[in-house]
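Examining the three-dimensional arrangement
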Amino acid sequence: MRYMLAVSAVLALFTLIARDGAHAGQTGQAKPMIDIQDAWVRRASAMGNGAVYVTIRNQGSAPDALLSAATDVADRAELHETMGGSGRMMMQPLAKIDVPAGGTLEMKPGGYHIMLLGLTRDLKPGDTVTLTLRFERAGDMRIQATVR
Ligand SMILES: [Cu+2]
């Protein structure tokens, strides 16, 4: 039985290696209270890129940071910040986005977002997209975002 479990864990690891571990949500030490609200995805065709916006509230007493995101509707998800320029919008990839203790990070068009690169399908209004957000302290959080 133990052997079976070990084998399936290894298989799961290989299957999920490109996607991140939805299985990796580890509990343990006191977790900061991360709360995700208002998750939505901009409509997009599979030919283009997608963008996800969430509001992250850190109700804990320790700072946390969003490290990465993953979803099965895109080959890659990157953390981005839009830099307002004079007429020209530039996007910059970020290694992480800090969410201070007691703070709120609101992603929105023209600011922070999660960029979806290499969409595997069209994102139509009303569709639901599942994402796994990886936090420095809180670990993996699975969320659902609605396409608008
Ligand atoms: Cu972007």
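In short, a report on the structure. (Residues numbered from 1 in each chain as written. Predicted model: local features only at pLDDT ≥ 70, side-chain atom pairs only at ≥ 80, totals over all residues. Heavy atoms only, no water.)

Note that Asp 64 resides in strand β3 (residues 64–71). Nearest to the buried, unbridged Asp 64 among oppositely charged side chains is Arg 137, at 5.6 Å. Separated by 3.2 Å, the side chain of Asp 64 and the backbone nitrogen of Glu 136 make a polar contact. Among the polar contacts made by the side chain of Asp 64, one reaches the main-chain amide nitrogen of Ala 138 at a distance of 3.0 Å. (Helix = DSSP H or I, 4+ residues; strand = E, 2+ residues; numbered from the N terminus. Buried < 20%, exposed > 50% of the residue type's maximum accessible area, 1.4 Å probe, protein only. Lys, Arg positive; Asp, Glu negative; His and termini not counted. Salt bridge = Lys/Arg side-chain N within 4 Å of Asp/Glu carboxyl O. Polar contact = N/O pair within 3.5 Å; in protein donor to acceptor, adjacent residues only side chain to side chain.)

Note on metal geometry: ideal angles are 109.5 degrees for four donors arranged tetrahedrally and 90 or 180 degrees for six donors arranged octahedrally. Around the copper ion, the donor atoms from the protein are His 80 (ND1), Met 91 (SD), His 113 (NE2) and Met 115 (SD), and they sit 2.1 to 2.3 Å away. One can describe the site at the copper ion as tetrahedral: its four donor atoms subtend angles covering 95 to 119° at the metal. (Donors = N, O, S within 2.8 Å, 3.2 Å for Na, K, Ca; no water. Tetrahedral: all angles 85-135°; square planar, octahedral: opposite > 155°, others 65-115°.)

Moving on to the nonpolar core. By size, the foremost hydrophobic cluster in this structure holds 34 residues, and its most contacted members are Ile 56, Met 107, Ile 114, Leu 116, Leu 123 and Leu 133. When sequence neighbours within four positions are dropped, the list of residues in contact with Leu 116 reads Asn 49, Gly 50, Val 52, Thr 71, Val 73, Ala 74, Arg 76, Ala 77, Leu 123 and Leu 131. (Core = buried A, V, L, I, M, F, W, Y, C linked by side-chain atoms within 4.5 Å. Contact = heavy atoms within 4.5 Å.)

For the rest of this paragraph, the subject is the pattern of salt bridges. Enumeration over the complete set of coordinates arrives at six salt bridges. Here Arg 57 ties to Asp 35 by a salt bridge, and the two come within 3.2 Å at their closest N and O atoms. In this pair, Arg 57 sits in strand β2 (residues 50–58) while Asp 35 sits in strand β1 (residues 34–41), placing the two residues 22 residues apart along the sequence. Note that Glu 136 is salt-bridged to Lys 96, the shortest N-O span being 3.4 Å. Residue Glu 136 is located in the loop between β9 (128–135) and β10 (139–147), and its partner Lys 96 is located in the loop between β5 (90–93) and β6 (97–99); the two are separated by 40 residues in the primary sequence.

Here Gln 37 lies in strand β1. Note on Gln 37: relative accessible area 29%, which makes it partly exposed. Placed 107 residues apart in sequence, Gln 37 and Gln 144 show a C-alpha to C-alpha distance of 9.9 Å. Only 3.3 Å separates the side chain of Gln 37 from the side chain of Asp 35, close enough to count as a polar contact.

Glancing now at the pairing of strand β8 (residues 112–119). Of all eight residues making up β8, six are buried, and the element is well covered by its neighbours. As defined by bridge partners, β2 adjoins β8 across three bridges and the pair is classed as antiparallel. Along β8, the bridge assignment pairs Ala 51 with Met 115. In this sheet, β8 lies alongside strand β4 (residues 74–83) in antiparallel orientation, the contact comprising seven bridges. Considered in β8, the bridge of Glu 81 is made with Tyr 112. (Pairing = 2+ DSSP bridges.)

Before going further, it helps to examine the environment of Met 33. Relative to the helices and strands, Met 33 is located in the loop between α1 (2–16) and β1. When the C-alpha positions of Met 33 and Gly 102 are compared, they lie 9.3 Å apart, and in sequence the two are 69 residues distant. For Met 33, the contacting residues outside a window of four places in its chain are Arg 57, Asn 58, Gln 59 and Gly 60.

Take it as geometry only, folks, not as evidence of what the structure does.
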